[in-house]
2 protein chains.
Amino acid sequence: MAIASCQQADDASMQNGVTETQASQSRTATANPENQSISFADTLDALATKIDAQITVPIVVPVPKDAGGGYTHEQHKTNAKTIYEAGKLFEFTGDDRYAAFAEKILLAYADMYPGLPLHPEQKEQSPGRLFWQNLNESWWLVYAIQGYDSIKNTLSSDAREKIENDLLREITTFLSEGSPETFNKIHNHGTWATAAVGMTGYVIEDQELVEKALFGLDKSGDYGFLKQLDELFSPDGYYNEGPYYQRYALMPFVLFGQAIEQNEPQRKIFNYRDGILRKAIYATIQQNYGGLFFPINDAIKDKDIATAELQYGVAIAYDLTGDPGLLSIAKAQGQVVPTKGGKKLADALARGEAEPFDYTPMRLRDGAAGDQGALDILRASNDPDDLAVVVKNTSQGLGHGHFDKLGLLVYDAGHEILRDYGAARFLNVEAKFGGHYLPENNSFAKQTIAHNALVVDETSHFNGSTDTGNKFAPNVGPFIISDNLQITSAEIETAYEGVRIGRTVAMISDAAFAQPIIVDLVEARSDQAHQYDLPFYFNGQMVETNFEISAEPVSRTPLGSDNGYQHLWRVAESAAVNGNTQLTWLLDRRFYSVTSSVPDNTKVVIAEIGANDPNFNLRREAAFIYRARGDGGASFASVIEPHGEYNPTVEYTSDSHSSVKSVTHVGSGAAEFVVIETRDGQQIGLGVADNSEAGAVHTISVDGQEFTWTGPYKLFHSQKHMDEGK
Amino acid sequence: MAIASCQQADDASMQNGVTETQASQSRTATANPENQSISFADTLDALATKIDAQITVPIVVPVPKDAGGGYTHEQHKTNAKTIYEAGKLFEFTGDDRYAAFAEKILLAYADMYPGLPLHPEQKEQSPGRLFWQNLNESWWLVYAIQGYDSIKNTLSSDAREKIENDLLREITTFLSEGSPETFNKIHNHGTWATAAVGMTGYVIEDQELVEKALFGLDKSGDYGFLKQLDELFSPDGYYNEGPYYQRYALMPFVLFGQAIEQNEPQRKIFNYRDGILRKAIYATIQQNYGGLFFPINDAIKDKDIATAELQYGVAIAYDLTGDPGLLSIAKAQGQVVPTKGGKKLADALARGEAEPFDYTPMRLRDGAAGDQGALDILRASNDPDDLAVVVKNTSQGLGHGHFDKLGLLVYDAGHEILRDYGAARFLNVEAKFGGHYLPENNSFAKQTIAHNALVVDETSHFNGSTDTGNKFAPNVGPFIISDNLQITSAEIETAYEGVRIGRTVAMISDAAFAQPIIVDLVEARSDQAHQYDLPFYFNGQMVETNFEISAEPVSRTPLGSDNGYQHLWRVAESAAVNGNTQLTWLLDRRFYSVTSSVPDNTKVVIAEIGANDPNFNLRREAAFIYRARGDGGASFASVIEPHGEYNPTVEYTSDSHSSVKSVTHVGSGAAEFVVIETRDGQQIGLGVADNSEAGAVHTISVDGQEFTWTGPYKLFHSQKHMDEGK
């Protein structure tokens, strides 16, 4: 795979450099997006207030000295944003003071830049001159060039010449010819560089720079922006590291894309690779629930769609498509960017043109060719707060990837129901390991047992090796969306030697249940004896089990000693009853039950995160874990069922008990069948075939009844319909 | 104290009897109150949809048989609501079908009621006939009589006579003469009875019933509604058991009050006792944060202001006062009641007349005479999500009271910051001990160590005896609200034998801090040696301490064996540094630090709830506990400081470290002084005098500087002003 590792992208504070004022605005907006009316005039007013204050004090352009987070680092970031914002203010208000202010800062940089050596704190193979990293230098130019573009027509020819020759040409030369190892890299750092150089090329009318940016230093097309577009996104617009890094990587793509469209529309960049830029923006939006990105891989869980990158993305996509669903996203973001696209959004919102965004079930294939697994998303409706399921059938996701092949996330009623821990990190919180990824990110958060994913013999997938993980992706089965059945499956035989793991996840609507339910079939096949642990990180308060279980009252010990197990307390352990277990928990105003057919002699372990956590770095979250041993493998067939209502306002509770009486799993391999029986005697069946051919016919006998279906999956509706299926 | 115990009020599902449809509406409304437009037409439409469906099926009036929660119990509740709702629908739509439907049900009850003996499942000394409890019977009549009132003019004289003679007179006789032990009780159960009988008296024009309801069976005035108004609320409208039970008790008061006003305006009932009914409604509203009632005593923590009782309360109060702030409360409630008052609210909201409700710092005195302590509320502003403090200087609160004298609750940014556990109960959740109070309510939630309150020698206040607790209330000091200083203090010497406990809590605004801070001075005086534990149940993730502390990595043991300590895990223990400790945690987007001057050799214990909890009944919440030993007492002077911003949207963090360098506490007894020094060298001082006389002059020497003030408290602003104070 051509996508390189991304260790440095975690200097995430670099990506936007917003000021405290903006941060506060955004906080309010996010907390209460629906109450916020978005006006472009307000956007400009807020910027003007900020820049007006800066105009009155001397500009500060210090000699580069400090590493990331240090004074000169932060000051140069601030200056780039100021050039951009002053430029945009001039563009929209025509007030010369703003143009003069941007010019003054640019001239100060033009004075300094030619004399700058490499940064004294150079961090890696690709250092910058203003900053310790080349990445930051590109970021700086992406902002500064937009500001320069806005004001260049106001400049004297002397000033223009000085800024272009001493600053812009100097820095583009440095970022291109001077840093080939980054510029020619097929990696998001490379995209920041090509975007910075290419956007500058258009503004200073240097087509040579544009060509290099598009096609690589040698203009062969083997490198450069188009190649990056070919390889960094899957054909469905999925970014290999997952949505947290996708929204970060998105920024230079959409900004340079927009510059190409404006300057050379004949390139039809937004049609390139079947509209990959538009797909990437939409895929980013689809990968959220309740406004928060799916927290797969190393992700800060409270990262939301109001992030600056996606504000630009939405403005640009709306400009392209006019899709009124994007207006809902802009509304949820609570503010718009100070660009023509941002103005379009704000004006359309003011005209009341917003429509609900079309959240929809989808398979996002992974890998440049789309053959490296997939992120599968099931949704009960286009309501962003309705029942949704994410199955992580993707490839490893490089250095930020977690070892959770075929991992499961479930959302409902605006909440996480079965949750993913995300990254162990307090971003930018100095007291927490300098704001970096914590040691517990490796020792716990990345490990398989930290996820709703099958663990064999208490070790992690690929033995916890990222290099090994990067080599293998799951094989995905058919992905089918129909009215009453959404279903996906995948399998992988490389996560553990000698063990083939498969998972089929379905969302089913049936008259026997008031709300859709989820069927989750996890299977392992092996010739050797193994222990299988299947965790469910449930969110809420346990209220009921159908087996006796009692939390150890006066002591806690860790569940294991390695691979993440050392961070789990063993809270309770019990034997499942008659191969069927049922657990119910309460979250907010709804109950959730998991009823499972499990192997004989399965134990249920209740665990809580928090052991071996001397520095209070981990959140206290709970899981139940099915633990089975098997000579030939193990199958776990579960129904995940939202039900009932707990209403403290009117002190009313309904349907607090699961409707599921039993779950039965029959067959293995070629044809399998899951039967769900409800307490009032209705039965629902789900047939799953190993052979995914549409025309293949499958028959299975369940308690003496034969069920036959054609194709990979078949849902047999409650009793009346079950008969039909025979 | 004349307020009797209230063990039965926990059949809370009785209080409103809403249907599933209503419950769902309310849930939506509460989740997103701001998005909801409230129209009275919609209110009626929703009712009509429900009643229209019922009209088509036969009415069901079963012979009473089942206990609370059983079939006949629920069916009679439903019928009362139906009579009420059909009546209101007729009143507002004029559609005769609704009147006829209500009549039909009432006639069916008139057929049955005269022959009914006491309920077969009679629960207590005051049984009902339709229900196992007299309380439910009163509740039934309160609803039914309102429905009857709406339709009585449509009835034939035969029908009217039958309903009045065979049902209404029968039931009022039963509830009054037939149940003197309840009717004459100064207790909210008594109020349900007097309200039911009195409201019926007005409707059937039987002034004798009204007189008995107002003045007791013997009409002496020693009992009855007016006496209940005299004794069940404090002069400030505070209800002794706290807000969770206050909103429940409120219902019959406001409904009967309204009936009196309409029928005998000359009684000026809303001016009675200096407007106690209005005060009670306003006090109920003031006792919420973020829409949730302060969870002191036995409280379901997610009980919100959308509760039916307060919907009636707001409609009635708005009718009385026209206060546009009440419209904001109605808006937050998300719906209005189907009454003339409800219509007024909806119409005014539609005209856009809502103004912010005036949340304000206040002392709510406790006890009929206002001399049984007080609930003290400090608020940084009238923004309902701004910094707020509750100090529980109240009396015990009877059988539902917790042992947390001088307990502290802190709120900020819409969240609990220092929190109270509330009740250990999952209301109406059958699998959790039938929905009743859990055993852990007594063994943990009521105990002192479960609160932010001082514990002596690991025992609870009053040795955990409610009877003892009911005898004693704290002595409150002055309560002062000024621009930069809000302050309250109280002390109690009866919670522990031989120990006098005091707590002074101040909210301070000073230029040295970006946001207001809280000063919390807790002191114990004793002639004997004791151990003092002061817990802070912080909400969030610990990020920093100024002392070395390490969580025990591989084991947990309970912190103690009794009085609630058996439910706490000992997570870590460390020694405080130089008498000053500082802990910082992160919640949502803000940091919170507590910096404390503590006695020499104080230990800091980190604890987590969850030990001895075999049935997973307790929530996992954390506290840090200052543990000191002292021969003459102990003083803990803390600054509680919201600071900084953690913004994951724009990946920006500011001021994650506390601004407090040190807290110093000087003096004891007559005059005391707390000095707060910030990291940038500013000093703030707070003088606190034991003598609360306004004219008393106090002087204290701090590090050789003398500070003098007049009156009980004085704030010395940062450095410049500190000098002035000398």
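Everything quoted here is computed from the prediction, not taken from an experiment.

## A look at the overall build of chain A
Now for step 1: Across its full length, chain A holds 18 helices and 29 strands.
Now for step 2: Whereas a compact globule of 726 residues would reach a radius of gyration of roughly 27 Å, chain A reaches 27 Å, a difference of no more than 12%.
Now for step 3: Expressed as lengths along the three principal axes of its C-alpha atoms, the size of chain A is roughly 90 × 55 × 55 Å.
Now for step 4: The buried share among the 726 residues of chain A stands at 64%.
Now for step 5: The contacts in chain A between residues at least 6 apart in sequence include a share of 68% that link residues at least 24 apart.
Now for step 6: Looking at chain A as shown, the accessible area adds up to about 23,900 Å², and 46% of this sits on carbon and sulfur atoms.
Now for step 7: Counting 58 positive and 97 negative side-chain charges, chain A places the averaged centre of each group 2 Å from the other.

## Structural notes on the interface of chain B and chain A
Now for step 1: Taken together, the 74 residues of chain B in the interface contact 73 residues of chain A.
Now for step 2: Summed over both sides, the interface of chain B with chain A buries roughly 5,800 Å², with 51% coming from carbon and sulfur.
Now for step 3: Our count for the contact surface shared by chain B and chain A stands at 8 salt bridges.
Now for step 4: Between E651 of chain B and K303 of chain A there is a salt bridge, with the nearest N and O atoms lying 3.1 Å from each other.
Now for step 5: Our count for the chain B to chain A interface comes out at 33 residue pairs in polar contact (both at pLDDT 80 or more).
Now for step 6: Taken together, the elements giving at least two residues each to the side of chain B that touches chain A come down to helix 1 (20-31), helix 11 (243-263), strand 14 (541-545), strand 15 (557-558), strand 16 (568-575), strand 19 (603-609), strand 22 (645-647) and strand 23 (652-654) of chain B.
Now for step 7: When residues in the side of chain B that touches chain A are grouped by element, the largest group, 6 residues, is from helix 1 of chain B.
Now for step 8: Residues that form the side of chain B that touches chain A fall into these classes: 32 nonpolar, 22 polar and 20 charged.

## Notes on the sheet that holds strand 14 (residues 541-545) of chain A
All names here are of chain A.
Now for step 1: If you walk across this open sheet you meet the 8 strands as 9-10-11-12-21-18-17-14, and the pairing is antiparallel. Each edge of the open sheet carries a strand with a single partner, namely strand 9 (475-481) and strand 14. Across the sheet, the axes of successive neighbouring strands diverge by a mean angle of 15°, strand direction being ignored.
Now for step 2: Where strand 18 (residues 590-597) and strand 21 (residues 633-643) come together, 7 bridges link them in antiparallel fashion. Following the sheet pairing, F591 is matched in strand 21 by H643.

## Points about the pairing of strand 19 (residues 603-609) of chain A
All names here are of chain A.
Now for step 1: For strand 19, the tally of buried residues reaches 6 of 7 residues, placing the bulk of the element in the interior.
Now for step 2: Note: strand 16 (residues 568-575) against strand 19, 7 bridges, orientation antiparallel. Across the sheet, residue A575 finds its bridge partner in strand 19, namely K603.
Now for step 3: The sheet contact formed by strand 19 and strand 20 (residues 622-630) spans 6 bridges and is antiparallel. Its bridge partner lying in strand 20, A607 is registered against A623.

## Section: the relation of the copies chain B and chain A
Now for step 1: For the pair chain B and chain A, the superposition axis carries a translation of 0.1 Å, the fit reaches an RMSD of 0.1 Å, and the rotation angle comes to 180°. Interpreted geometrically, this transformation is the action of a two-fold axis. Taking the C-alpha atom as reference, chain B places R556 of chain B closest to the rotation axis, 2.5 Å from it.
Now for step 2: Take the interface residues of chain B: 99% of them recur as interface residues in chain A, which is what a same-surface contact looks like.

## Remarks on the side chain of N288 of chain A
Now for step 1: For N288 of chain A, the position within the fold is in strand 1 (residues 288-289).
Now for step 2: Look past the residues within four positions of N288 of chain A in its chain and what remains in contact with it is F293, F294, I305, Y359 and R379 of chain A.

## Regarding the packing of aromatic side chains
Two numbers describe a pair of aromatic rings. These are the distance of the centres and the angle of the planes.
All names here are of chain A.
Now for step 1: This structure, assessed with the given rule, holds 62 aromatic pairs over all chains.
Now for step 2: When the centroid spacing of 5.2 Å and the interplanar angle of 85° are considered together, the rings of Y84 and Y143 count as edge-to-face. With a gap of 59 residues between them, Y84 in helix 3 (residues 71-93) and Y143 in helix 5 (residues 134-151) connect regions that are remote in the sequence.
Now for step 3: Classification of Y143 by relative accessible area gives buried; the value is 0%.

## Some points on the confidence of the model for chain A
Residue and element names in this part refer to chain A.
Now for step 1: Mean pLDDT over chain A stands at 92; residues scoring 70 or higher make up 94%.
Now for step 2: Note on residues 1-35: pLDDT under 50 across the span, and 101 contacts to partners over four residues away in sequence or across chains.
Now for step 3: This prediction of the complex comes with two scores: 0.92 for pTM and 0.91 for ipTM.

## Considering the side chain of K88 of chain B
Now for step 1: Topologically, K88 of chain B is positioned in helix 3 (residues 71-93).
Now for step 2: Not counting the four nearest positions on each side in its chain, K88 of chain B is found in contact with S150, P338 and T339 of chain B.

## Concerning the environment of F131 of chain A
Residue and element names in this part refer to chain A.
Now for step 1: Here F131 shows up in the loop between helix 4 (96-112) and helix 5.
Now for step 2: Owing to a relative accessible area of 0%, F131 belongs among the buried residues under this scheme.
Now for step 3: Sequence separation between F131 and D66 is 65 residues; the distance between their C-alpha atoms is 7.9 Å.

## Some points on the environment of G221 of chain A
Residues and elements named next belong to chain A.
Now for step 1: Positionally, G221 belongs in the loop between helix 9 (207-215) and helix 10 (225-232).
Now for step 2: For G221, a relative accessible area of 25% corresponds to the partly exposed category.
Now for step 3: Measuring from C-alpha to C-alpha, the distance between G221 and E641 comes to 51 Å, with 420 residues separating the pair along the chain.
Now for step 4: Not counting residues within four places of it along the chain, the set of residues in contact with G221 comprises F215 and K227.

## Some remarks on the packing of helix 8 (residues 188-203) of chain B against helix 11 of chain B
Residue and element names in this part refer to chain B.
Now for step 1: Where helix 8 contacts helix 11, the two axes come as close as 9 Å, and the packing angle between them is 25°. By the criterion of interaxial angle, the relationship of helix 8 to helix 11 is roughly parallel. Taken as a pair, helix 8 and helix 11 cross one another with a handedness that is left-handed. Facing helix 8, whose interface residues are N188, T191, W192, T194, A195, G198, M199 and Y202, helix 11 presents Y248, A249, M251, P252, F253, L255, F256, A259, I260 and N263.
Now for step 2: Class assignment of the residues belonging to the contact of helix 8 with helix 11 gives a composition of 13 nonpolar, 5 polar and no charged.

## Some thoughts on the packing of helix 13 (residues 308-321) of chain A against helix 15 (residues 340-350) of chain A
All names here are of chain A.
Now for step 1: The contact between helix 13 and helix 15 brings their axes to 8 Å, and the two run at 75°. Considering the angle they form, helix 13 stands roughly perpendicular to helix 15. Between helix 13 and helix 15, the contacting residues are V314, A315, Y318 and D319 on the first element and G341, G342, K344, L345 and A348 on the second.
Now for step 2: Looking at the contact of helix 13 with helix 15 residue by residue, the classes come out as 5 nonpolar, 2 polar and 2 charged.

Rules of the game
- Residues numbered from 1 in each chain as written.
- Chains lettered and ligands numbered in written order.
- Predicted model: local features only at pLDDT ≥ 70, side-chain atom pairs only at ≥ 80, totals over all residues.
- Heavy atoms only, no water.
- Helix = DSSP H or I, 4+ residues; strand = E, 2+ residues; numbered from the N terminus.
- Rg over C-alpha atoms; globule rule 2.2 N^0.38 Å.
- Buried < 20%, exposed > 50% of the residue type's maximum accessible area, 1.4 Å probe, protein only.
- Contact = heavy atoms within 4.5 Å.
- Areas by Shrake-Rupley, 256 points an atom, 1.4 Å probe, with all protein chains shown as cover.
- Lys, Arg positive; Asp, Glu negative; His and termini not counted.
- Charge placed at Lys NZ, Arg CZ, Asp CG, Glu CD.
- Buried area = accessible area lost by both parts, 1.4 Å probe.
- Salt bridge = Lys/Arg side-chain N within 4 Å of Asp/Glu carboxyl O.
- Polar contact = N/O pair within 3.5 Å; in protein donor to acceptor, adjacent residues only side chain to side chain.
- Nonpolar A, V, L, I, M, F, W, Y, C, P; charged D, E, K, R; others polar.
- Pairing = 2+ DSSP bridges.
- Axes fitted to C-alpha atoms, helices over the stretch in contact; angles between N-to-C directions.
- Least-squares fit on C-alpha atoms with pLDDT ≥ 70 in both.
- Phe/Tyr/Trp six-rings, centres within 6.5 Å; stacked < 30°, edge-to-face > 60°.
- pLDDT = per-residue confidence, 0-100.
- Parallel < 35°, antiparallel > 145°, perpendicular 65-115°, else oblique.
- Left-handed = near helix turned anticlockwise from the far one by under 90°.

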